[in-house]
Amino acid sequence: MASKVIDRCNEHIVPIIENLGYDVLEVEYAKKVDGMNLTFYIDKTDGITIDDCEKVNNAITDILDEINVSDDAPYILNVSSAGLDRPIKNHKDFIRNKNKQVEIKLYVPENKQKVFVGALVGFDENGYTIKTATGDELTFSKTQVAICSPVIEF
């Protein structure tokens, strides 16, 4: 059911959001504490404000009801910023973070090390490649990586 809802949203709703000038980084339909949640993670060059989330929510609410993406199953609609520390999961996340510092945490240590930091220089369906401060390029398969997230510097 979840993939059906996401497919319908990708077909009908994502183009509407993109026409408003936003990137849709992910559509998520998942069970949370308060029931099923349909969440659109959006981004734009100069960041997302609460007004942006409200604008997108208002633009899609009636259309979601009209096309009945969940086949009458109740859900909570969320429109959210991707967040500064959003894990890098897909190609759009990679584009946002290309050549920026990321932290990769592994499930199992490699050479007695579980955390690696470097500039994200490569990403595909198989894994991540970073360039460390010493200039070494390290590649990790997605099956090795617990999480890959941006390094936030203040």
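Please refer to the structure higher up on the page.
Thresholds, definitions, all that
- Residues numbered from 1 in each chain as written.
- Predicted model: local features only at pLDDT ≥ 70, side-chain atom pairs only at ≥ 80, totals over all residues.
- Heavy atoms only, no water.
- Pairing = 2+ DSSP bridges.
- Helix = DSSP H or I, 4+ residues; strand = E, 2+ residues; numbered from the N terminus.
- Axes fitted to C-alpha atoms, helices over the stretch in contact; angles between N-to-C directions.
- Buried < 20%, exposed > 50% of the residue type's maximum accessible area, 1.4 Å probe, protein only.
- Patch = residues over 30% accessible without salt bridge, like charges linked within 9 Å, V, L, I, M, F, W, Y side chains within 5 Å.
- Areas by Shrake-Rupley, 256 points an atom, 1.4 Å probe, with all protein chains shown as cover.
- Salt bridge = Lys/Arg side-chain N within 4 Å of Asp/Glu carboxyl O.
- Core = buried A, V, L, I, M, F, W, Y, C linked by side-chain atoms within 4.5 Å.
- Contact = heavy atoms within 4.5 Å.

## Here's the deal with the sheet that holds strand β8 (residues 145-150)
Okay, so step 1: Taken in spatial order, the five strands make up an open sheet running β7-β6-β5-β4-β8, and their pairing is antiparallel. Single-partner strands in this sheet number two, and they are β7 (137-141) and β8. Strand-to-strand twist across the sheet, computed as the mean angle between neighbouring axes with direction ignored, equals 40 degrees.
Okay, so step 2: Sheet topology note: the strand β5 (residues 113-124)/strand β6 (residues 127-131) ladder contains five bridges and is antiparallel. Each residue of the ladder has a partner; that of Asp-124, found in β6, is Gly-127.

## Details of unusual backbone geometry
One can expect most non-glycine residues to show negative phi and most peptide bonds to be in trans.
Okay, so step 1: The backbone of Asp-71 shows a phi angle near 50 degrees, a positive value even though the residue is not glycine.
Okay, so step 2: If you trace the backbone, Asp-71 turns up in the loop between α3 (50-67) and β3 (76-81).
Okay, so step 3: For Asp-71, a relative accessible area of 36% translates into the label partly exposed.
Okay, so step 4: Located in the positive-phi region is Lys-112, a residue other than glycine, with phi close to 65 degrees.
Okay, so step 5: Here Lys-112 is to be found in the loop between β4 (101-110) and β5.
Okay, so step 6: For Lys-112, a relative accessible area of 85% puts it in the exposed group.

## Some words on a nonpolar patch on the surface
Okay, so step 1: Among the surface-exposed residues, Leu-84, Ile-152 and Phe-154 lie close enough to one another that they form a single nonpolar patch of about 420 Å² accessible area.
Okay, so step 2: Within the element layout of this structure, Phe-154 appears in the segment after β8.

## Some words on the nonpolar core
Okay, so step 1: In terms of nonpolar packing, the biggest core is built from 19 residues, with Cys-9, Ile-17, Leu-38, Phe-40, Ile-60 and Leu-64 touching the most fellow members.
Okay, so step 2: For this core, the secondary-structure elements that each account for two or more residues are α1 (2-12), α2 (14-19), β1 (23-32), β2 (35-43) and α3.
Okay, so step 3: When residues in this core are grouped by element, the largest group, four residues, is from α3.
Okay, so step 4: Excluding its chain neighbours within four sequence positions, the residues that come into contact with Ile-60 are Ile-13, Ile-16, Ile-17, Phe-40, Leu-77 and Val-79.
Okay, so step 5: Counting 13 residues, the second largest nonpolar core, distinct from the first, contains Ile-88, Ile-104, Leu-120 and Val-145.

## A short note on the pairing of β2
Okay, so step 1: Among the nine residues in β2, eight count as buried, and that is most of the element.
Okay, so step 2: Of the pairings in the sheet, the one linking β1 to β2 comprises nine bridges and is antiparallel in character. Counterpart to Glu-28 in the pairing with β2 is Thr-39.
Okay, so step 3: In this antiparallel pair of consecutive strands, β1 and β2, the connection spans two residues.
Okay, so step 4: Summarising the sheet, β2 and β3 pair through six bridges and their orientation is parallel. Opposite Tyr-41, over in β3, you have Ser-80 as the bridge partner.

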